[in-house]
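Given next are the chains, with one letter for each unit.
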Amino acid sequence: MTGPRYVFHDFCLEPAARELRRNGELIVLPVSAIDCLAYLIAQRERAVGRDELIAAVWGRTDVADTLLAQTVL
């Protein structure tokens, strides 16, 4: 099954494959960073709150703020 594919600037994000490429070259990122980026892009038309993002990416609510901050950075 193929999901959405997001192309922006020199980047291509394929959330289903959990791959981010720049000019065709694979960029190695933690899975949570890929999932976070994909969710934020999919919801780009509106602001996403902290709790919503955590629930969408980690599937739980007990995620430390430092982990969230590190993932976003």
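As shown above, the structure is provided for reference.
Residues numbered from 1 in each chain as written. Predicted model: local features only at pLDDT ≥ 70, side-chain atom pairs only at ≥ 80, totals over all residues. Heavy atoms only, no water.

*Asks:* So what's going on with the pairing of strand S3 (residues 19–22)? Residues and values would help.
*Replies:* Examined bridge by bridge, strand S2 (residues 11–14) and S3 share four bridges and lie antiparallel to one another. Each bridged residue has a counterpart across the sheet, and for glutamate 14 the counterpart in S3 is glutamate 19. Note that S3 and strand S4 (residues 25–27) share three bridges and pair antiparallel. Each bridged residue has a counterpart across the sheet, and for arginine 22 the counterpart in S4 is glutamate 25. Linking S3 to S4, which pair antiparallel, is a turn of two residues; within it asparagine 23 sits at a positive phi near 50°. (Pairing = 2+ DSSP bridges. Helix = DSSP H or I, 4+ residues; strand = E, 2+ residues; numbered from the N terminus.)

*Asks:* With reference to specific residues and values, describe the pairing of S2.
*Replies:* The sheet contact formed by strand S1 (residues 6–8) and S2 spans three bridges and is antiparallel. Counterpart to tyrosine 6 in the pairing with S2 is leucine 13. The hairpin turn running from S1 into S2, its antiparallel successor, is two residues long, and histidine 9 in that turn takes a positive phi close to 50°. Between the end of S2 and the start of S3, which pair antiparallel, lie four residues, with arginine 18 showing a positive phi angle near 55°.

*Asks:* Explain unusual backbone geometry to me, and be specific about the residues and the numbers.
*Replies:* For histidine 9, which is not glycine, the phi torsion reads 50° and is therefore positive. Mapped onto the elements of the fold, histidine 9 is located in the loop between S1 and S2. Accessibility expressed as a relative area gives 79% for histidine 9, which makes it exposed. Phi is positive for arginine 18, close to 55°, though the residue is something other than glycine. (Buried < 20%, exposed > 50% of the residue type's maximum accessible area, 1.4 Å probe, protein only.)

*Asks:* An account of the pattern of salt bridges is needed here, citing residue identities and associated values.
*Replies:* What the rule picks out here adds up to seven salt bridges. Close ionic contact of arginine 5 with glutamate 14 constitutes a salt bridge, the shortest N to O distance being 3.9 Å. Classification of arginine 5 as exposed rests on a relative accessible area of 55%. Take glutamate 14: its relative accessible area is 29%, and that puts it in the partly exposed class. (Salt bridge = Lys/Arg side-chain N within 4 Å of Asp/Glu carboxyl O.)

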